[in-house]
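Summary of the model geometry
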Amino acid sequence: MEGRFEVFQPHLFMIIPKRVQNLLGKNKVWTLQQNQNKIVSIIDLHYTLMAIATDIGNEGLQSNLGLFQSISRNRSCDDLRLPTSTLCICQGWETKVHTNSFHFIIAEFALGQLNEKIQTQFLEGNSQTKRPVSGFGSCDRLKGERFDNVREKRVGETLTVTLDIYVQHQELFSVTVQVITGSMLVNMELIQYTRFSEYGIYRTCADKGVDLRLCICKQSAPKLNSVTKSYLLITSPVTREIYAANVEAPVPRWQHYGKVFDSVTRADDMHENCFFILLREHKCGVILEAANSCSFVSYTIELHLSLSNMQVSERIPLHKELGPGTIHFLIAVIQLDPNIDWTWKYTVNFSWKMIR
């Protein structure tokens, strides 16, 4: 973390010879002196050099003079055109804070969004090939092990939380989540992620379509089965004998996860050892995911929640399509008042299609 502060806080020294000062004029030199110890960026330096070049070339006066025009002492990082990956060093701008229970929910949400990206990119990148039996190929699903370096920034009603997430093999991601809290709905959005650990080593094994920055290859990649697609809408209960006649479901990988951010994954079997609701409870909330461990059936699910002193990250009821072998992040349920006990209960309605 400390090294990243240095990257985004370089020193800028200017030595202006007397002759150059005479060419610039007293006003510009005085303005440069007044702009010392103010927040500036390389964009300001660019416009400064362009202003000098314009004067020399006699091409007319440009509108932005960079450091040759007065910069407000109240300037903040919001006033600069910075990419989201930039670490802005301003006093009081972003504060390093102690980890609290809410940050576990933030870490879970960010991890869920990264996994959604991997799964979506894999499925889209292989849509023209043989039907995948899983939502993940060679690039594994990320499993959160721990997080640290939590920083917060609040502007009005918007809270921005940045933290470093360590996943399997101690691979490191920095993620930024924006949180806007309402009465019942907590609007959460992953606005930026950066991979800080080495990922070029996975170039030869990464799946087609999956961003290499997200890829951590499995020790052995699963083989894709060649299956002729046909769809049958099931309107009556499916017996275990019908399921046994199909390809045996692979063992869901989440059963081997152990703890995710210090919380054990609980799996509620909703349908014939294929459709599961996965839950991880934390001190101030719970995370829900949906998993389909079978390769021959897809589900359409509708999630309902009954809550007391809780907020949610998605509008409910929540609808989700659950394809063969996929796992989807559903929702974060978060305690509203830390001084009052919270309770929650979920119900799920679903339908399914067999894929033969």
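Look up: the structure comes first, before these words.
A brief report on the enclosed structure follows. (Residues numbered from 1 in each chain as written. Predicted model: local features only at pLDDT ≥ 70, side-chain atom pairs only at ≥ 80, totals over all residues. Heavy atoms only, no water.)

1. Side note on the state of the cysteines
Following the criterion strictly, the structure yields three disulfides and no others. Shown here is the disulfide that connects Cys205 with Cys217, its sulfur atoms set 1.9 Å apart. An S-S torsion of about 105 degrees defines the bridge between Cys205 and Cys217 as right-handed. Separated by 12 residues along the polypeptide, Cys205 in the loop between β5 (186-195) and β6 (231-233) and Cys217 in the loop between β5 and β6 bring together distant segments of the chain. Between the sulfur atoms of Cys274 and its disulfide mate Cys294 the distance is 1.8 Å. Given an S-S torsion of about -75 degrees, the disulfide between Cys274 and Cys294 has left-handed geometry. (Disulfide = S-S within 2.5 Å. Helix = DSSP H or I, 4+ residues; strand = E, 2+ residues; numbered from the N terminus.)

2. Here we look at the packing of aromatic side chains
With the rule as written, the count across this model stands at eight aromatic pairs. Ring geometry for Tyr299 against Phe350: centres 6.0 Å apart, planes inclined by 70 degrees, an arrangement best described as edge-to-face. Here Tyr299, found in strand β12 (residues 297-308), pairs with Phe350, found in strand β16 (residues 343-355); they are 51 residues apart in sequence, far enough to count as distant. Accessibility expressed as a relative area gives 27% for Phe350, which makes it partly exposed. Connected via pairs of aromatic rings, a cluster forms that spans Phe275, Tyr299, Phe350 and Trp352. (Phe/Tyr/Trp six-rings, centres within 6.5 Å; stacked < 30°, edge-to-face > 60°. Buried < 20%, exposed > 50% of the residue type's maximum accessible area, 1.4 Å probe, protein only.)

3. What about the sheet that holds strand β3 (residues 158-166)?
Either a parallel or an antiparallel arrangement is found when strands of a sheet pair, and the pairing is made through backbone hydrogen bonds. The five strands lie next to each other as β1-β2-β3-β4-β5, forming an open sheet whose pairing is antiparallel. The sheet is open, and its two borders are formed by β1 (95-96) and β5, each paired with just one other strand. One ladder, built from nine bridges, connects β3 with strand β4 (residues 172-181); its direction is antiparallel. Directly across from Leu159, in β4, lies its bridge partner Val179. Together, β2 (146-155), β3, β4 and β5 form the strand contacts of helix α5 (residues 101-125), whose direction differs from that of β5 by roughly 65 degrees. (Pairing = 2+ DSSP bridges. Contact = heavy atoms within 4.5 Å. Axes fitted to C-alpha atoms, helices over the stretch in contact; angles between N-to-C directions.)

4. Overview of the sheet that holds strand β10 (residues 275-282)
Ordered in space as β9-β10-β11-β15-β13, the five strands form an open sheet in which the pairing is antiparallel. Looking along the sheet, the strands with just one partner apiece sit at the ends: β9 (266-271) and β13 (310-312). Mean inter-strand twist for the sheet, computed between neighbouring axes without regard to direction, equals 25 degrees. Direction of pairing for β9 relative to β10: antiparallel, over a ladder of five bridges. Along β10, the bridge assignment pairs Asp269 with Phe276. The strands touched by α5 within the sheet are β10, β11 (285-292) and β15 (327-335), with β15 carrying the most contacts at an inclination of about 165 degrees.

5. Focus on the environment of Thr160
Within the secondary structure, Thr160 sits in strand β3. With 20 residues separating them along the chain, Thr160 and Ile180 place their C-alpha atoms 8.8 Å apart. If we ignore the near neighbours within four places in the chain, the residues touching Thr160 are Arg151, Glu152, Lys153, Thr176, Val177, Gln178 and Ile191.

6. A closer look at the nonpolar core
Counting 42 residues, the largest nonpolar core has Leu163, Ile165 and Val175 as the members making the most contacts within it. For this core, the element with the highest residue contribution is α5, accounting for 10 residues. Core analysis: the second largest hydrophobic core is formed by 27 residues, Leu279, Val286, Cys294 and Ile331 among them. (Core = buried A, V, L, I, M, F, W, Y, C linked by side-chain atoms within 4.5 Å.)

7. So, the pairing of β2
For β1 and β2, the ladder comprises two bridges, and the chain directions are antiparallel. Bridge pairing in β2 links Thr95 to Glu152. The pairing of β2 with β3 spans eight bridges and is classified as antiparallel. Paired with Phe147 across the two strands is Ile165, which belongs to β3. Hairpin geometry of β2 and β3 is characterised by an intervening segment of two residues between the two adjacent antiparallel strands and by a positive phi of about 65 degrees at Gly156.

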